[in-house]
Amino acid sequence: MLSRLPRRVATALAGGVLTAGVLTAGAAAVPVAERPAATGPALVRVHAPASADRAQLAGLGLDLTPRAGAGFVDALVHGPDDLARLRAAGLRWTVLESDLGERQRRYRELDQRLAAQTAVSPLPSGRIAYRTLGDYERELRELAARYPELVRLVRLDHQTLEGRWVYGVEIAHGVQMPDGRPVFLLMGLHHAREWPSGEHAMEFAYDLVRHAYTDPRIARLLREGRALIVPVVNPDGFEKSRAAGALEWKRKNCRQWDGVVEHPVAECATYADNGLTSRGVDVNRNYGGFWGGRGSSDQWWAQDYRGQAPFSEPETRNVRDLVASRQVTVLISNHTYGNLVLRSPGVAGGNAPEESLYQALGDRMATQNGYTSQAAYQLYPTNGTVEDWAYYATGALGYTFEINPKDFHPDFGSAVIDEYLGHGVYAGKGNREAYLVAFETAVDPGYHGVVTGFAPVGAVLRAVKEFTMRTDDPGGSASGPIAFRQRLESAMTVTVPRFTWHLNPSLRPSQEPGVGLLPESWTLSCTRPDGTVLETQQVTVARGQRVEVRFDRCLARFAVR
Ligand SMILES: [Zn+2]
């Protein structure tokens, strides 16, 4: 439970350490009168040469950026408390920017210059400026209304704490037919301030729609698979950040009080007025797989606060239920920044059971956008991210893209147009090409399982798995990892006598190091459209395997009433 103690976080930074021109921690203080008031957080480079330093740094609850290199991690400093934590941990730092508010003004000037020079960008949508939450929702609806054969609006299951619904679009030829095609899932804006992460997802939606009939490569992808695009996973937080006021650097969702169901609308913004910018749960530390542990914080003020329980937040329940009810074979979760392609696991101590295949796809995407492909723990420890859960629950190959080298939401031209379409030696590639490679892999039967066979036309086939997963050790009052049940259930309608169903492998990656793949099966049932089960079979299918199934009893009984 969060305490209701008011807590004012000064934006002006103490001690002169963060004043422009004073570059080293502990340097002589500049007199107060000479210091201009900061309008945003500061950016510091924390020296963390050893992986133990990074693990210690990750445990401080600070606002770490994904920008890290040989011996350092960059972090935002929101006030004197943050510096006190660094100092108490014995870590050294260098100030890179004393006032990110100033840097944002320079970015917005670049945006204005772009808008003055051009009316239409080379992006698939032609946009020249960041979308608002209203823009996203309107455009998703418009795409679905204009192209009903191609685009279906999807509303996720759980309302956010401020009562919003989260929307996405499913894009495929004959999109309305619930057949057995594999799914590529692309998401943005788990983290509120990472504006380009939603833009890249949205532009890929436009790209697919624009080229659905004219580009043979995209036409094939939309015949053989489905793209599922959710540009704004965390709309409450994004709306606050996008207003570019006191909450411009907000990262988390609008969870103000743990255990409280009703959150008055606007409370999230109101508390910012008191300087409480740090409330909320880090949506990308709240997934159940490996939740807890040293790659997230159990403190409500921390920027990587994991929440009071695995899947305690509506945003993570939304993505969990979306993935659990479909056969998502590849997924990408967009973030900013640092030019990285990250894969599970988020903590050191054993690679994913299918590391070579998992790494190879990450590497292949990284050759399109020029990013660095690595396991997430090589940046710093993280727990409870979407790919931590998705890979170990479903076998979906999940990745985090950390887009652009500069900032969380720098100028639109460099972070969206250049990074999406590719620039320099990556011109014509960029994230557009990386997403296409991901989508091609998602539909490639070599990377998932296929079940084929005969079943009655009109029958509904159902694939169900239920199993136990675990969190990491959250410490505190918990005695070791927490076990939780996970159910996967998806369905397809048989449209031709010989059906083909693209499924994730039934063999499940073990969360325990060195164990490999668990020998599990899908429970496949053949049912009437009203749900009457006519036949059930256990089917074991490995990645890259094709299995033949005959629903003979279902065939014999389907027509008989
Ligand atoms: Zn992020």
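About the cut-offs
- Residues numbered from 1 in each chain as written.
- Predicted model: local features only at pLDDT ≥ 70, side-chain atom pairs only at ≥ 80, totals over all residues.
- Heavy atoms only, no water.
- Axes fitted to C-alpha atoms, helices over the stretch in contact; angles between N-to-C directions.
- Helix = DSSP H or I, 4+ residues; strand = E, 2+ residues; numbered from the N terminus.
- Parallel < 35°, antiparallel > 145°, perpendicular 65-115°, else oblique.
- Left-handed = near helix turned anticlockwise from the far one by under 90°.
- Contact = heavy atoms within 4.5 Å.
- Nonpolar A, V, L, I, M, F, W, Y, C, P; charged D, E, K, R; others polar.
- Pairing = 2+ DSSP bridges.
- Salt bridge = Lys/Arg side-chain N within 4 Å of Asp/Glu carboxyl O.
- Buried < 20%, exposed > 50% of the residue type's maximum accessible area, 1.4 Å probe, protein only.
- Domains from an automatic or database assignment.
- Buried area = accessible area lost by both parts, 1.4 Å probe.
- Disulfide = S-S within 2.5 Å.
- Arc of directions from axis to C-beta.

For the protein chain, an unreviewed UniProt entry supplies the name Carboxypeptidase T and the organism Carbonactinospora thermoautotrophica.

Two elements in contact, helix H10 (residues 355-369) and helix H13 (residues 430-443), have axes whose closest approach is 7 Å; the angle formed by their N-to-C orientations is 155°. Accordingly, the angle class assigned to the pair H10 and H13 is roughly antiparallel. As H10 packs across H13, the resulting crossing turns out to be right-handed. In this structure, H10 contributes Leu361, Arg364, Met365, Gln368 and Asn369 to the contact, and H13 contributes Gly430, Asn431, Glu433, Ala434, Val437, Ala438 and Thr441. Looking at the contact of H10 with H13 residue by residue, the class counts come to five nonpolar, five polar and two charged.

Sheet strands line up and pair through hydrogen bonds in the backbone, either parallel or antiparallel. Read from one edge of the open sheet, three strands run S16-S13-S21, paired in mixed fashion. Taken across any chain shown, the strands that pair with only one partner, and hence form the sheet edges, are strand S16 (498-503) and strand S21 (546-550). Each strand of the sheet is rotated relative to its neighbour by a mean of 25°, with strand direction disregarded. Examined bridge by bridge, strand S13 (residues 449-454) and S21 share five bridges and lie parallel to one another. Within S21, the residue paired with glycine 453 across the bridge is valine 549.

Right, let's get into the sheet that holds strand S1 (residues 42-47). Strand order in the open sheet made by the four strands is S2-S3-S1-S4, with antiparallel pairing throughout. Here the strands that pair on one side only, and so sit at the sheet edges, are strand S2 (63-69) and strand S4 (93-97). Strand after strand, the sheet turns through a mean of 30° between neighbouring axes, direction not considered. One ladder, built from four bridges, connects S1 with S4; its direction is antiparallel. The residue of S4 that forms the bridge with valine 44 is valine 95. Contacts between helix H1 (residues 51-58) and the sheet are confined to S1, S2 and strand S3 (72-77), with S2 contributing the most and set at about 160° to the helix.

Our focus in this paragraph is the pattern of salt bridges. Enumeration according to the criterion identifies 46 salt bridges in this entry. Its salt-bridge partner being arginine 543, residue glutamate 354 comes within 2.7 Å of it at the nearest N-O pair. Pair noted here: glutamate 354 is in the loop between strand S10 (340-343) and H10 and arginine 543 is in the loop between strand S20 (533-539) and S21, with a separation of 189 residues, a long-range link. Residue class for glutamate 354 comes out buried when judged on its relative accessible area of 14%.

Following both chains from N to C, one finds helix H9 (residues 314-324) and helix H11 (residues 386-394) inclined at 25°, their axes separated by 11 Å at the closest point. One element, H9, and the other, H11, form an angle in the roughly parallel class. The interaxial crossing formed by H9 with H11 has right-handed handedness. Of the residues in H11, those touching H9 at Val319, Arg320, Val323 and Ala324 are Val386, Trp389 and Thr394.

Turning next to the domain arrangement of the protein chain. In many analyses, interface size is given as the accessible surface area lost on bringing the parts together. Assigned domains within the protein chain: domain 1 (14-98), domain 2 (125-445) and domain 3 (449-558). Distance from the C-alpha centre of domain 2 to the C-alpha centre of domain 3: 25 Å. Facing the 37 residues of domain 2 at the interface are 37 residues of domain 3. When the two sides are added together, the surface that domain 2 and domain 3 hide from each other amounts to roughly 2800 Å², 57% of it contributed by carbon and sulfur. The tally of links from domain 2 across to domain 3 stands at one salt bridge. Elements represented by at least two residues in the side of domain 2 that touches domain 3 include exactly H9, strand S9 (328-335) and H11. Looking at which element gives the most residues to the side of domain 2 that touches domain 3, the answer is H11, with five residues. Looking at the side of domain 2 that touches domain 3, its residues break down into 19 nonpolar, 12 polar and six charged.

Moving on: the state of the cysteines. For the structure shown, the criterion picks out two disulfides. Across a sulfur-sulfur distance of 2.0 Å, cysteine 254 and cysteine 268 are joined as a disulfide pair. The disulfide joining cysteine 254 to cysteine 268 has a torsion of about -80° about its S-S bond and is therefore left-handed. With a gap of 14 residues between them, cysteine 254 in the loop between helix H7 (235-242) and helix H8 (267-273) and cysteine 268 in helix H8 connect regions that are remote in the sequence. Cysteine 268 carries the same exposure label as cysteine 254, and that label is buried. Between cysteine 526 and cysteine 554 runs a disulfide, and the two sulfur atoms are separated by 2.0 Å. Because the sign of the S-S torsion sets the handedness, a value of about -65° for the bond joining cysteine 526 and cysteine 554 places this disulfide among the left-handed ones. With cysteine 526 in strand S19 (residues 522-527) and cysteine 554 in helix H14 (residues 552-558), this pair connects stretches of sequence that are 28 residues apart. Here cysteine 526 matches cysteine 554 in class, with each residue buried. Described in terms of the sequence order of its bonded cysteines, the disulfide pattern of the protein chain is 1-2, 3-4.

With that out of the way, let us pick up H1. All buried positions along H1 are accounted for by Arg54, Leu57 and Ala58. The buried side chains of H1 occupy one side of the element, clustering within an arc of 95° when seen end-on. Tucked into the core, H1 has its buried residues touching S1, S2, S3 and helix H2 (80-88).

What follows is about unusual backbone geometry. Most of the time, phi is negative for any residue but glycine, and the peptide bond is trans. Note the cis peptide between threonine 336 and tyrosine 337, where omega equals 0°. Along the chain, the position of tyrosine 337 falls in the loop between S9 and S10. At the junction of serine 344 and proline 345, the peptide bond is cis and its omega measures out at 5° in the coordinates. With respect to the helices and strands, the residue proline 345 is situated in the loop between S10 and H10. For leucine 189, which is not glycine, the phi torsion reads 55° and is therefore positive. By relative accessible area, leucine 189 is classed as buried at 0%. The backbone of asparagine 339 shows a phi angle near 55°, a positive value even though the residue is not glycine. Inspection of the secondary structure assignment puts asparagine 339 in the loop between S9 and S10. Its relative accessible area of 19% is what places asparagine 339 among the buried residues.

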